[in-house]
There are 2 protein chains.
Amino acid sequence: WTKNAKAKSFCINMLSSVYALILTMVAFVIEISPTWRSEEMWLPYSIFCVLMYTVAVAYFTYLYLFVLYPNVINTCIYFLFRKGYIMNPCKWILDEPVYNGEGAGTMYLRVGTLFFGSMGSVLWGTEILLCFFESQRHGIYVVKYALAVIFTYMQMHFIFSNSKISLKRTNIIAKFGLMHSVAVNLWTWLSICLIKSSIKHAKKEIKYAVEEAKNKTRTETYTTWSYDFTMDDFGPHDKQLRAIIKLGSNSNLLLTCLVEFSLIAAVICFIIWKNDDPNPGESPKKEKKRSFRFDCSGTSTGIFLGIIIHIISTVVIGMHGILMKSQKSMAADLLVGFTDLLMFLVTLLACFLAFFQMRKLQYRIHSHGEVIDDILLIVGLAGECVYSCAGMDLYLNGRLTKQRVSWITIPSFVLRITEVLIQTVFILFASRMRCYNYATRESHPGKQVITFLLVCNINLFIYHTFETMESNFGFPVNLPDNYSVMLSIASPIVVFYRFHSSACLAEIWKHTYSRKHHEHLIHEPVDLAEKNVIVDKL
Amino acid sequence: WTKNAKAKSFCINMLSSVYALILTMVAFVIEISPTWRSEEMWLPYSIFCVLMYTVAVAYFTYLYLFVLYPNVINTCIYFLFRKGYIMNPCKWILDEPVYNGEGAGTMYLRVGTLFFGSMGSVLWGTEILLCFFESQRHGIYVVKYALAVIFTYMQMHFIFSNSKISLKRTNIIAKFGLMHSVAVNLWTWLSICLIKSSIKHAKKEIKYAVEEAKNKTRTETYTTWSYDFTMDDFGPHDKQLRAIIKLGSNSNLLLTCLVEFSLIAAVICFIIWKNDDPNPGESPKKEKKRSFRFDCSGTSTGIFLGIIIHIISTVVIGMHGILMKSQKSMAADLLVGFTDLLMFLVTLLACFLAFFQMRKLQYRIHSHGEVIDDILLIVGLAGECVYSCAGMDLYLNGRLTKQRVSWITIPSFVLRITEVLIQTVFILFASRMRCYNYATRESHPGKQVITFLLVCNINLFIYHTFETMESNFGFPVNLPDNYSVMLSIASPIVVFYRFHSSACLAEIWKHTYSRKHHEHLIHEPVDLAEKNVIVDKL
């Protein structure tokens, strides 16, 4: 079988996936195990991190030099040829890249990746500067974080510009490299989730200590405690990120962005790995899509209704902060609960309305989006389910142990999970709809509602981001330990679900009502007059 | 002359402008004078505010019902006609609106207006809720802020959707209403600037009191002072916005947004007022532009270089916050100073490079943009000049009085003002360039640099926003009073300059390299093959 090309490529695929699996598992164990978290093991742990990042960066460098931009190497080869060092340049010349594959196709997702990736780089960059800040850290930390910045930045550029590359040869290095990046991204994701939950844990402990101290003596101890936490003289080798302690609640935003970036990046690398073009030389070279076109008719009502929701929720975020400062956390929770209820209700109604209005459209088997959209959507849905179920579970637990819990939790979570389910079904369904007949093409049935849903989802994305930064509504303050870990894994995914469903809705908004499919379908020559109109419109 | 239509319209214009002038002056005097700011005058002052807003809201309601969406009224008239109450319906029927005028044409400016306007509404909305929060306020405040929300929201919708309306008849109500909105916007602008400067003043006084107290006794007094400031039991009738005290430094962001919104709105209302179509019935009815097209070729290098700058500046913002917390304000200032220097230097070099690369393009007398772009750009330029000059002036003052000032101030401000001047000249010049010949159309000379400048300006916009929230670099902490007022007027304009130059750059980016003008210019029938290609591309 060693001479069968298909068998070879299957073997490479299998080996590389096993490699990724083992690497991910090893990395997970290293993250979680108490042995590696101990203070003495800082050097092996850092070396492990540096190795992970180095291999990934080396792989991307290879990819850029040899696959994506082969001109540099080709010029060198020609130079060497002219000098007489190489006899047969044709053997060495690298081919031009082909952009046929599937990748992060949608503009929205790519812009989101840019945003998340640059925020992630900011986190690592701050960390580098903080290494020199107080009690100088060992040089290996600087190297580690610098590699992390480079890795994030390269991956960002790769996803934004070149994710549609299709790897031509049965390329061993490419396959293993992609799987390595998947592993690194998953490892980053887990380690950040662990860091987040450990921070929450530390904060809560301090809060309780403070409250106990208050009950006993006066506020004397308060200052020392909070001082210890915020002004901690870092041990030179503790694993904690210094930026998190220094930046306070803003760092939570950065962490959420980084989690989302690594999630997207892992899925995209996986998809590129999976997509092996059987005969890449023969398929026609598609041009990179360069220009974008938006048809904004029939949207302004949707936008302005959405903005009202946005204003309300932003006001609520502000009031929540104010109420928390004035020690009225009960009222703050109630306020957030009612707003949640209102927003989920409105979005749910909008989903039903959209279903109703879009009943006249035609069904097509292929969706607009790509595989990645569906995968990410399902991941988000799973996160939402876990989140809501945990919330209801904790409410029941609170009732049993006779704690003070507000009744608004249950309807809010039930409505939330209903809304998420209906919306996911709607997105999966609507992305397979097309607008084929002339009558519906002019009236755009459902476009206003989709615009409204889009704005609402962006708004919920911002709202959930703030929610995870401050406090999670519906969850008691003193969480059990295992719930706390679960929550800090689920809550970035909840944020991500909103981001991604807005991305999918944007795709639906753009493609369902476009004329492109229509003209491709009917295949009858459009008469010259209409063509002229179109040309003039250009 | 009473029968001459032109004389009539001139008379109306003159009267309405005089009305706006008087109203603005009266409002300014009321804002500034100590009589009206006293505690006893709260009721007349509030009534004045309510009246201002009521008239503006009434005007916009009129505009929407009678001019923009006349269908509602027309349906009522037909209904009355069928019932027999009206004899001659044709006399009463309102015409359809015509969208020929100049207004906020560019997409970028409109989206910006949406953002600023919704942030402004958030401020007023929070204020409404806070009226019920502690020590219930008089009902008139609720009315006042509710009207402010409605006014902001209506104006936002008007600017976004309908700013290209041309008012048909020599419409007395429309003219006076527009001038009234101009006055209201200017008044909002001034009052917010005054509020900002008074807050800064109050903060500084507290800081100094705290520092003095620290020198004398221990931190005992600190808590009481800051408590007084943050937890102030509001007098029921003080003019201060409660939201500002409650929201802390976030409110500064909201205030900046509101200032920018009222500036844009005032200019747009003024332009609509000025633009009187002489014979509106005859000019062909332009369609509302509905679809947008972006040609994104040749941009990714620019974007990614810009993102590096963005990451650096965001890291610096984070580090600035950390250093300020650790009481190292000197180091924080130095860091910000060097970053300013770096960013202005890079942007300046990019401007020169763009000038150099665009030398091959063709000049055309008409700019892409509209009058409003140039006006707003010049306003921003004036703000930057005032800001930089004040900065240098205060540095010299500091040298004379032997205070500790860092030398980095002077090169930073000199570079800043050079950069701003060069960039303004470049924008005004480049918006009159076109890409006419085929060779340049393919190579897009200068597009990468323009993209880079665009990203840099957005980045500086964010950076300056944070700068005005926290502290102004280069300015001593204990400002003289008159400088403080000047600064709080100039610093939102500085932010606005960056926003608006990015808007202009986006226009240049979009239009300079588009094919539209080209095809309109040569006016030769494109052959069928090319047409087919274009149709297929659609």
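Residues numbered from 1 in each chain as written. Chains lettered and ligands numbered in written order. Predicted model: local features only at pLDDT ≥ 70, side-chain atom pairs only at ≥ 80, totals over all residues. Heavy atoms only, no water.

What am I meant to see in the packing of helix α12 (residues 300-325) of chain A against helix α6 (residues 107-131) of chain B here?
Two packed helices can be described by the angle between their axes and the distance between those axes. Across the interface, α12 of chain A lies against α6 of chain B with an axial gap of 9 Å and an inter-helix angle of 50°. When the axis of α12 of chain A is compared with that of α6 of chain B, the two are oblique. The interaxial crossing formed by α12 of chain A with α6 of chain B has right-handed handedness. For the pair α12 of chain A and α6 of chain B, contact is made by I303, F304, I307, H310, I311, T314, V315, M319 and I322 of chain A and by L114, S118, M119, S121, V122, G125, T126, L129 and L130 of chain B, respectively. Tallied by class, the residues present in the contact of α12 of chain A with α6 of chain B amount to 12 nonpolar, six polar and no charged. (Axes fitted to C-alpha atoms, helices over the stretch in contact; angles between N-to-C directions. Helix = DSSP H or I, 4+ residues; strand = E, 2+ residues; numbered from the N terminus. Parallel < 35°, antiparallel > 145°, perpendicular 65-115°, else oblique. Left-handed = near helix turned anticlockwise from the far one by under 90°. Contact = heavy atoms within 4.5 Å. Nonpolar A, V, L, I, M, F, W, Y, C, P; charged D, E, K, R; others polar.)

Any chance you could explain a nonpolar patch on the surface here in plain terms?
A grouping of F10, M14, V18, L21, I22, M25 and V26 of chain A is seen on the molecular surface, where their side chains present a nonpolar patch of about 670 Å² in accessible area. With respect to the helices and strands, the residue I22 of chain A is situated in helix α1 (residues 5-32). (Patch = residues over 30% accessible without salt bridge, like charges linked within 9 Å, V, L, I, M, F, W, Y side chains within 5 Å. Areas by Shrake-Rupley, 256 points an atom, 1.4 Å probe, with all protein chains shown as cover. Salt bridge = Lys/Arg side-chain N within 4 Å of Asp/Glu carboxyl O.)

So what exactly am I meant to see when it comes to the pattern of salt bridges here?
Pairing is possible between side chains that carry opposite charge, provided their charged atoms lie close to one another. Residues and elements named next belong to chain A. Under the criterion given, the structure shown has four salt bridges over all chains. In this structure, R416 and E384 form a salt bridge, with 3.1 Å as the shortest nitrogen-oxygen distance. Of this pair, R416 sits in helix α15 (residues 409-430) while E384 sits in helix α14 (residues 371-400), placing them 32 residues apart in sequence. For the pair R416 and E384, a shared accessibility class is recorded, and that class is buried. (Buried < 20%, exposed > 50% of the residue type's maximum accessible area, 1.4 Å probe, protein only.)

It is not clear to me how the packing of aromatic side chains should be interpreted in this structure. Could you clarify?
Working definition: an aromatic ring pair is given by the centre-to-centre distance plus the angle between the planes. All names here are of chain A. As enumerated under the stated definition, the model contains 36 aromatic pairs over all chains in all. Plain terms: the ring middles of Y59 and Y62 are 6.5 Å apart, the flat faces sit at 35° to each other, and that makes the pair tilted. Linking Y59 with Y62, this pair stays in helix α3 (residues 42-68), spanning three residues, or about one helical turn. Grouped by ring-pair contacts, the aromatic residues F48, Y53, Y59, F60, Y62, F151, F158 and W187 constitute a single cluster. The side chain of K447 reaches across the aromatic face of W509, ending 4.9 Å from its centre. (Phe/Tyr/Trp six-rings, centres within 6.5 Å; stacked < 30°, edge-to-face > 60°. Lys NZ or Arg CZ within 6 Å of the ring centre and 35° of its normal.)

When you look at the confidence of the model for chain A in this model, what are you seeing that I'm missing?
Keep in mind that low pLDDT regions are not for reading the predicted coordinates in detail. Residues and elements named next belong to chain A. Confidence in the prediction of chain A, expressed as mean pLDDT, is 74, and 68% of residues score 70 or more. Predicted confidence in chain A is weakest over helix α20 (residues 528-537), with a mean pLDDT of 38, and strongest over α15, with 86. Here residues 278-285 is a poorly scored stretch, pLDDT under 50, and it has eight contacts once near neighbours within four places are set aside; other chains count. In the predicted structure, residues 517-538 sits below a pLDDT of 50 and forms 26 contacts with residues beyond four places in sequence or in another chain. (pLDDT = per-residue confidence, 0-100.)

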